[in-house]
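What the coordinates show
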Amino acid sequence: MSESDVSTTGSPYAPHTPAETAAMLDALGVDDIDALFDVPESVAFDGEFGIEARGERETRRTATQILRRNDSLTEFLGRGHYEHYVPSVVDDLSSRSEFLTSYTQYQPEVAQGFLQALFEYQSMLVELTGLGVANCSMYDEATALGEAATLSQRVRSVSGDRILVPEQLRDGKRAVLENYADGPGLSVESYAMADGQADVDALADAADEDVAMVYAETPTVRGLVEESLDAIGDVATEKGALFCLGSDPVALALLERPADVGADVVVGDAASLGTGTAYGFGLGMFVTREEYLRQIPGRLVGVSEDAAGRRAYTLTLQTREQHIRKERATSNICTNQAWVALRAAMHAAWLGPQGLIDLANESVTRAEGLAARLDEVVGIQAPVHDGHHFREFVAHTDQPAQAVVGDLADEGFAVHAIDEHLIQVCPTEVTADDEAAFVDALAEVAK
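Remember, predicted model here, so these are calculated numbers, not experimental data.

**Comments concerning the sheet that holds strand β13 (residues 380-381)**
- The strand order β13-β14-β17-β16 describes an open sheet built from four strands, whose pairing is antiparallel. With partners counted over all chains shown, the strands left at the sheet margins are β13 and β16 (416-419), one partner each.
- Alignment of β13 against strand β14 (residues 393-397), held across two bridges, turns out to be antiparallel. Paired with Q381 across the two strands is H396, which belongs to β14.
- Across the face of the sheet, helix α12 (residues 401-410) comes into contact with β14, β16 and β17 (422-425) while running at roughly 180° to β16.

Here it is in structure tokens:
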């Protein structure tokens, strides 16, 4: 192709000469390029962005002024987003160019280091859960839960179209699950909870032969360690349903292994390791029984040998529709969360087994200690629920919860209001130095 054949907007790799464009329009039966698009006038670009031109210094000054309008609050938030201290080694190593600029590791001959780290990430999740295989990886815990629901349609021995979830489930997670469920015609229904944990009798009453999956969480959304996992697993098994358990790697370092209570799938957010809080951003983990190996969504890193007999890693069993026939695909999820999984693996490796257990133990004792201190504050009763707590707990406020939350924000602290007189508080090692000031501030606003 000569240079004159290339259009003014194109490249030699994607040529659109006037003759080619005319042939395309003729084949489509339209007069011009604009006829290929239906953009409402209200959002169509009119040639002006409406943004005043500025030099670099002025742009930086304007951006700084905008960012200063953000509230700088000490967060005791939780409810799915947890800020554990991330060692600087994680930032330093994961920011190396071979990791940070890497996309999907399709070429194993140039990505052995990254693939090995991802293999270790999968192996850590397998060890923590006791299940056979973990993928690498999902968008977040909500999409992992949605994928578990669709998995239930492929692996159950009997038909069923109902997904049972706890009534106390974060709205965003349930909304994503319902979106996933809409395609295959599944219905998402709730079972009751009692004192922040599953009401097993209510679950048993709700479950029948058309239940495809039973979902439970430990810790629950209110921070309680679920005490009835064996019984929940028994209900699911009796009805031939998939038992899906939600958790996270830090909690699993301390709690009983999901495989030991009959879980078929474990989902959750692994971003509690390696990533600071970034609301709306996560690292979905998905671990399941080895018998479902060819049914799981996303990517797997496998280990084999190269031509010289050396240990080698590669992506394998990629069952998404980009890689195999659409009718045989298990999912169209196409995330590349590999870098976030890499960070989680680095954080876990840096802590080591005992360090991970120590972090989990601190998540219990810190929540217990702060709840006891808040319980001494006039106008506060904490914790509301009778049970073991992990990271977070619910407290009752005599004053309206929203007013307490607003007044705390004025004092520089953020907590969740979850009911008219209930707030949820999540301390971690990152907030340790601010706990005394937080208790004092709550004592002022809770009167």
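**A short note on the layout of surface pockets**
- Here the largest pocket is characterised by a volume of approximately 330 Å³.
- Lining the largest pocket are 18 residues, with M124, E127, L128, P353 and L356 sitting closest to its centre.
- Ranked by residue count, the leading element in the lining of the largest pocket is helix α11 (residues 338-375), at seven residues.
- The residue inventory of the lining of the largest pocket, partitioned by class, reads 15 nonpolar, one polar and two charged.

**Regarding the nonpolar core**
- Y121, V214, I232, F243 and L283 are the most contacted members of the largest nonpolar core, which has 61 residues in total.
- In terms of residue count, α11 provides more of this core than any other element does, eleven residues in total.
- Once residues lying within four places of it in the same chain are set aside, the contact partners of Y121 are N135, C136, S137, A270, L283, G284, M285, A341, A344 and A345.

**Some thoughts on a negative patch on the surface**
- A cluster of like negative charges, contributed by E209, D230, D234, E238 and E256, occupies part of the molecular surface.
- Overall, the relative accessible area of 44% leaves E256 in the partly exposed class.

**Comments concerning the packing of aromatic side chains**
- Tallied over the entire structure, the rule returns six aromatic pairs.
- One aromatic cluster in this structure is built from F76, F413 and F438.
- Here R391 stacks its cationic end above the ring of Y82, 4.2 Å away from the centre of that ring.

**Quick notes on the packing of helix α6 (residues 141-155) against helix α7 (residues 171-182)**
- Taken N-terminus to C-terminus, the directions of α6 and α7 make an angle of 35°; their axes are 8 Å apart at the nearest point. Of the two possible hands of crossing, α6 and α7 adopt the one that is right-handed. Each of E141, A142, T143, L145, G146, E147, A149 and T150 in α6 lies in contact with α7, whose residues at this interface are K173, V176, L177 and Y180.
- Looking at side-chain class alone, the contact of α6 with α7 contains six nonpolar, three polar and three charged residues.

**Considering helix α9 (residues 229-238)**
- For α9, the full list of buried residues reads L229, I232, G233, V235 and A236. The arc that holds every buried residue of α9, seen down its axis, measures 155°, which confines them to one face. Residues of α9 that are exposed and point more than 90 degrees away from the buried face comprise D234, T237 and E238.
- Once α9 finishes, G240 follows within two positions and takes phi at roughly 70°, a positive value.

**Examining the sheet that holds strand β7 (residues 211-217)**
- The strand order β2-β10-β9-β8-β7-β3-β4 describes an open sheet built from seven strands, whose pairing is mixed. The open sheet terminates on both sides in strands that have one partner only, identified here as β2 (133-134) and β4 (187-191).
- Inspection of the sheet shows β7 paired to strand β8 (residues 242-247) by five bridges, in the parallel sense. In the sheet register, M213 faces β8, and the bridge partner there is L242.
- Those strands touched by helix α5 (residues 112-129) are β2, β9 (265-269) and β10 (284-288), and its axis lies near 60° from that of β10.

**Here we look at α7**
- Over its twelve residues, α7 runs 16 Å from end to end, which matches the ideal 16 Å to within 8%, given 1.5 Å per residue.
- Among the residues of α7, K173, R174, L177 and A181 are the ones counted as buried. Buried residues along α7 cover an arc of 95° about the axis, so they all sit on one side. In α7, the exposed positions angled more than 90 degrees off the buried face are occupied by D171, N179 and D182.
- Looking at the buried residues of α7, the elements they touch are α6, β3 (162-166), β4 and β7.

**Examining empty space enclosed by the protein**
- Tallied over the entire structure, the rule returns five cavities of 30 Å³ or more.
- Roughly 330 Å³ of volume is contained in the largest cavity.
- Lining of the largest cavity is provided by 28 residues; of these, G80, Y82, E141, D248 and D269 occupy positions nearest its centre.
- Contributing elements (two or more residues each) for the lining of the largest cavity: β7, β8 and β9.

**Quick word on the environment of A35**
- Residue placement: A35 occurs in the loop between α1 (18-28) and α2 (56-67).
- Taking the C-alpha atoms as reference, A35 lies 9.3 Å from L25; in sequence the two are ten residues apart.

**Here we look at the pairing of β4**
- Sheet topology note: the β3/β4 ladder contains five bridges and is parallel. For P166, the partnering residue across the bridge sits in β4 and is Y191.
- Traced from β3 through α7 to β4, the parallel crossover comes out right-handed.

Conventions we followed
Residues numbered from 1 in each chain as written. Predicted model: local features only at pLDDT ≥ 70, side-chain atom pairs only at ≥ 80, totals over all residues. Heavy atoms only, no water. Pairing = 2+ DSSP bridges. Helix = DSSP H or I, 4+ residues; strand = E, 2+ residues; numbered from the N terminus. Contact = heavy atoms within 4.5 Å. Axes fitted to C-alpha atoms, helices over the stretch in contact; angles between N-to-C directions. 1 Å grid on protein atoms, 1.4 Å probe; cavity = no way out; pocket = protein on both sides within 12 Å on 5 of 7 lines; lining within 4 Å. Points joined across faces, edges and corners; volume = space filled by probe spheres on them. Nonpolar A, V, L, I, M, F, W, Y, C, P; charged D, E, K, R; others polar. Core = buried A, V, L, I, M, F, W, Y, C linked by side-chain atoms within 4.5 Å. Buried < 20%, exposed > 50% of the residue type's maximum accessible area, 1.4 Å probe, protein only. Patch = residues over 30% accessible without salt bridge, like charges linked within 9 Å, V, L, I, M, F, W, Y side chains within 5 Å. Areas by Shrake-Rupley, 256 points an atom, 1.4 Å probe, with all protein chains shown as cover. Salt bridge = Lys/Arg side-chain N within 4 Å of Asp/Glu carboxyl O. Lys, Arg positive; Asp, Glu negative; His and termini not counted. Charge placed at Lys NZ, Arg CZ, Asp CG, Glu CD. Phe/Tyr/Trp six-rings, centres within 6.5 Å; stacked < 30°, edge-to-face > 60°. Lys NZ or Arg CZ within 6 Å of the ring centre and 35° of its normal. Left-handed = near helix turned anticlockwise from the far one by under 90°. Arc of directions from axis to C-beta. Expected span 1.5 Å × (residues − 1). Right-handed = clockwise from strand over helix to strand, strands pointing away.

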